[in-house]
Amino acid sequence: MASLTGTVPPLPVGGRAPVTAEERGTSLARSLYLLAIIAVFGSMLNNTFLCYVNTRLFAVRDSHVMLGELICIGCALIVALDRKIGLYLSFFVFLGYMLVLFAFRQVFDPKPVRDILVPFAFYFAGLRIASPRLADFLVAASAIFVVAFGLFEYLAVDTYLNYFNVLGYYLARGSLTLTDTFGHTKGLFISGVRAEPRTIFPFLGLHRVSSIFLEPVSTGNFGVIVYAWALFRKEMRLRWITFACALTMICLADARFGLYSCIVMTLLRPFFQIIPRTVWFILPFLILTLLTIYGLISGTHGGPNDISGRLNVTAHLITQLGLPVVLGVEMTDKFTADSGLAYSLTQFGILGFLGLWALFVFARGRTVRAWNFHSMAIIYFLLLMIISNSGYSLKTGGLLWFILGVANGVRSWNEADQKPAQDLSSSPGPRRLAS
């Protein structure tokens, strides 16, 4: 009988076939994709969810916000961690530098560490996964959702406030006081209704839509990020719908910065491949020098809420910072949120800011094409730092840093657009990035 049937192989333990290395790799990849989706969408919706909880369930504290952010950053870190040394080396060098500054300041402040942990975690997560299809999904899905939620706010503001009392939420977590809100405890964010007329489509009224971000500045910033990816990704499904959503966000939020940024990105797009990285590296420091000279000569103390006024605010803030503050060895009690340049100097010192900006500008992509999106990200941060510190915000930064990592991590755009979830266990990420 044995001669007729051959040798019968033994049954696997438990009656199941053993799991192959390929199946384990595919399973890991799917798990990491899911964690990446949770991290990116969680970073955008953390405040929205907590605002609903504060409005309808129980009072929220700033500790709840920090816990939500830690969960999102933790998910991104799980995706990012692999056998490459880049993430560990970069972050621990930065952490060591900040600990030295904290020793000089004689106070430990986790805020600047958190500000930089966000780009490290989300960028290296995108770099490891390197899936344009996942990036396309995250951008398109989030853009459609932001617009739909924004229209709900704009068309049914009273119903919106019954579920999302934005002022009450920021009062509960301590970000605003009753003085800031003129005694009101319910309503839109303080910049949700602008005193001066709209710049974009005045017929829309004074209401500046905040959508899931709860304040309009982030909605406009998010519109720029979505626009930049759609401009970069010619093969993207729903590309024109994504474009339309991006411009709709900018219009609803009356985001002048967003509109100007999109125009600059579009006009400079043909020149990205011929502009040296060194030019992008020195630009913020050139702008910093010029604004300092202007502030010292003019003696400006600020201006109206427009581009020239914001430049005056930045020039004034920079000239008020002493040398120890600029070096990062002393703290200041000056309000620097209206200037990303001043905020960066006070948080990281001039040497830390120089090092972080160099890491950003000189990060290498696997393809020449990746530099196009990288250039648009540089433009976004460069322009934003002149008027605000919101570039460090998790709710918009999570998506931006992730898709930047994806753009720089893709080896071949044609193959990546057709390839399913890859085995990330045997290929944990780019080992060497070429220009």
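Residues numbered from 1 in each chain as written. Predicted model: local features only at pLDDT ≥ 70, side-chain atom pairs only at ≥ 80, totals over all residues. Heavy atoms only, no water.

Quick word on the overall build of the chain
Regarding its fold elements, the chain presents 18 helices and zero strands. Counting only residues that meet the buried cut, the chain has 53% of its 435 residues in that class. For the chain, restricting intrachain contacts to residue pairs at least 6 apart in sequence, the fraction spanning at least 24 positions comes to 74%. (Helix = DSSP H or I, 4+ residues; strand = E, 2+ residues; numbered from the N terminus. Buried < 20%, exposed > 50% of the residue type's maximum accessible area, 1.4 Å probe, protein only. Contact = heavy atoms within 4.5 Å.)

Section: a nonpolar patch on the surface
Together, Leu81, Ile85, Tyr88, Leu89, Phe92 and Val93 line one region of the surface with nonpolar side chains, adding up to about 600 Å² of accessible area. By secondary structure assignment, the location of phenylalanine 92 is in helix α4 (residues 86-105). (Patch = residues over 30% accessible without salt bridge, like charges linked within 9 Å, V, L, I, M, F, W, Y side chains within 5 Å. Areas by Shrake-Rupley, 256 points an atom, 1.4 Å probe, with all protein chains shown as cover. Salt bridge = Lys/Arg side-chain N within 4 Å of Asp/Glu carboxyl O.)

Some words on the pattern of salt bridges
Scanning all chains against the criterion turns up eight salt bridges. Across the pair glutamate 69 and arginine 114 runs a salt bridge whose closest N-O atoms are separated by 3.3 Å. Linking glutamate 69 in helix α3 (residues 62-80) with arginine 114 in helix α5 (residues 110-129), this pair joins segments that are 45 residues apart in sequence. For the pair glutamate 69 and arginine 114, one class covers both residues: buried. In this structure, glutamate 235 engages arginine 369 in a salt bridge whose closest nitrogen and oxygen atoms are separated by 2.8 Å. In this pair, glutamate 235 is assigned in the loop between α9 (216-232) and α10 (239-252) and arginine 369 in the loop between α15 (340-362) and α16 (370-387), connecting sequence segments 134 residues apart. Given a relative accessible area of 37%, glutamate 235 falls into the partly exposed group. Through salt bridges with shared partners, a single network forms among Glu69, Lys111, Arg114 and Asp115.

Topic: helix α17 (residues 394-409)
A rise of 1.5 Å per residue sets the reference length of α17, with its 16 residues, at 22 Å; its end C-alpha atoms lie 21 Å apart and thus fit the reference within 8%. For α17, a buried count of 16 out of 16 residues is recorded, marking the element as mostly surrounded by other parts of the structure. N-cap assignment for α17: the residue whose side-chain oxygen lies 3.4 Å from the backbone N of lysine 395 is serine 393. (Expected span 1.5 Å × (residues − 1). Polar contact = N/O pair within 3.5 Å; in protein donor to acceptor, adjacent residues only side chain to side chain.)

Section: α3
Along its 19 residues, α3 runs 27 Å from first to last C-alpha, staying within 8% of the 27 Å computed at 1.5 Å per residue. Among the residues making up α3, those that are buried are Val65, Gly68, Glu69, Cys72, Ile73, Cys75, Ala76, Val79 and Ala80. End-on view of α3: buried residues confined to an arc of 150°, all on one side of the axis. (Arc of directions from axis to C-beta.)

Regarding the packing of α5 against α15
Running from N to C, α5 and α15 point in directions that differ by 25°, and their axes come no closer than 11 Å. Viewed along their axes, α5 and α15 adopt a mutual orientation that is roughly parallel. For the crossing formed where α5 meets α15, the hand is right-handed. Of the residues in α15, those in contact with Lys111, Pro112, Asp115, Ile116 and Phe120 of α5 are Tyr343, Gln347, Phe348, Leu356 and Leu359. Looking at the contact of α5 with α15 residue by residue, the classes come out as seven nonpolar, one polar and two charged. (Axes fitted to C-alpha atoms, helices over the stretch in contact; angles between N-to-C directions. Parallel < 35°, antiparallel > 145°, perpendicular 65-115°, else oblique. Left-handed = near helix turned anticlockwise from the far one by under 90°. Nonpolar A, V, L, I, M, F, W, Y, C, P; charged D, E, K, R; others polar.)

Quick look at the packing of helix α12 (residues 277-298) against α16
Direction vectors running N to C along α12 and α16 enclose 5°, while the axes themselves pass 11 Å from each other. As summarised for this structure, α12 and α16 are arranged roughly parallel, according to the angle between their axes. Contacts between α12 and α16 involve Arg277, Trp280, Leu283, Pro284 and Ile287 from the first element and Trp371, His374, Ser375, Ile378, Ile379, Leu382, Met385 and Ile386 from the second. Residues of the contact of α12 with α16, tallied by class, amount to 10 nonpolar, two polar and one charged.

Side note on the packing of aromatic side chains
With the rule as written, the count across this model stands at 35 aromatic pairs. Ring geometry for tryptophan 229 versus phenylalanine 232: centroids 5.3 Å apart, planes at 55°, classification tilted. Placement of both tryptophan 229 and phenylalanine 232 in helix α9 is noted, with a separation of three residues, approximately one turn of the helix. Comparing tryptophan 229 with phenylalanine 232, the two get one shared label, buried. (Phe/Tyr/Trp six-rings, centres within 6.5 Å; stacked < 30°, edge-to-face > 60°.)

Points about the confidence of the model for the chain
The predicted structure's coordinates, where accompanied by low pLDDT, should not be read in detail. When pLDDT is averaged along the chain, the result is 85; 88% of the residues meet or exceed 70. Here residues 1-5 is modelled with pLDDT under 50, and outside its nearest four sequence neighbours on either side it reaches zero contacts, counting other chains as well. Here residues 425-435 is modelled with pLDDT under 50, and outside its nearest four sequence neighbours on either side it reaches 33 contacts, counting other chains as well. (pLDDT = per-residue confidence, 0-100.)

Focus: the side chain of glutamine 347
Tracing the sequence through the fold places glutamine 347 in helix α15. The contact partners of glutamine 347, leaving out residues within four places of it in the chain, are Met98, Leu101, Arg105, Asp109, Lys111 and Pro112.

Regarding the nonpolar core
A general tendency of soluble globular proteins is for nonpolar side chains to be buried together. Formed by 131 residues in total, the largest nonpolar core has its most connected members in Phe122, Trp229, Trp357, Phe373, Tyr380, Phe402 and Ile403. Among the elements that line this core, the one with the most residues is α16, at 13 residues. With residues near it in sequence (within four places) discarded, phenylalanine 122 still touches Ala39, Val40, Ser43, Cys72, Ile73, Ala76, Leu394, Gly398, Trp401 and Phe402. (Core = buried A, V, L, I, M, F, W, Y, C linked by side-chain atoms within 4.5 Å.)

Remarks on the environment of phenylalanine 94
Looking at the element boundaries, phenylalanine 94 is found in helix α4. Sequence separation between phenylalanine 94 and glycine 352 is 258 residues, and the spatial gap between their C-alpha atoms is 7.9 Å.

Here we look at unusual backbone geometry
You will see that alanine 130, though not glycine, has its phi angle at about 50°, which is positive. Considering the arrangement of structural elements, one finds alanine 130 in the loop between α5 and α6 (132-155). The backbone of leucine 238 sits at a positive phi, close to 60°, despite the residue not being glycine. By the element assignment, leucine 238 lies in the loop between α9 and α10. Overall, the relative accessible area of 45% leaves leucine 238 in the partly exposed class.

Brief notes about the state of the cysteines
Applying the stated rule across the entire model yields zero disulfides. As a non-bridged cysteine, cysteine 251 has cysteine 262 as the owner of its nearest cysteine sulfur, 9.7 Å distant. Using a relative accessible area of 4% as the deciding quantity, one classes cysteine 262 as buried. (Disulfide = S-S within 2.5 Å.)

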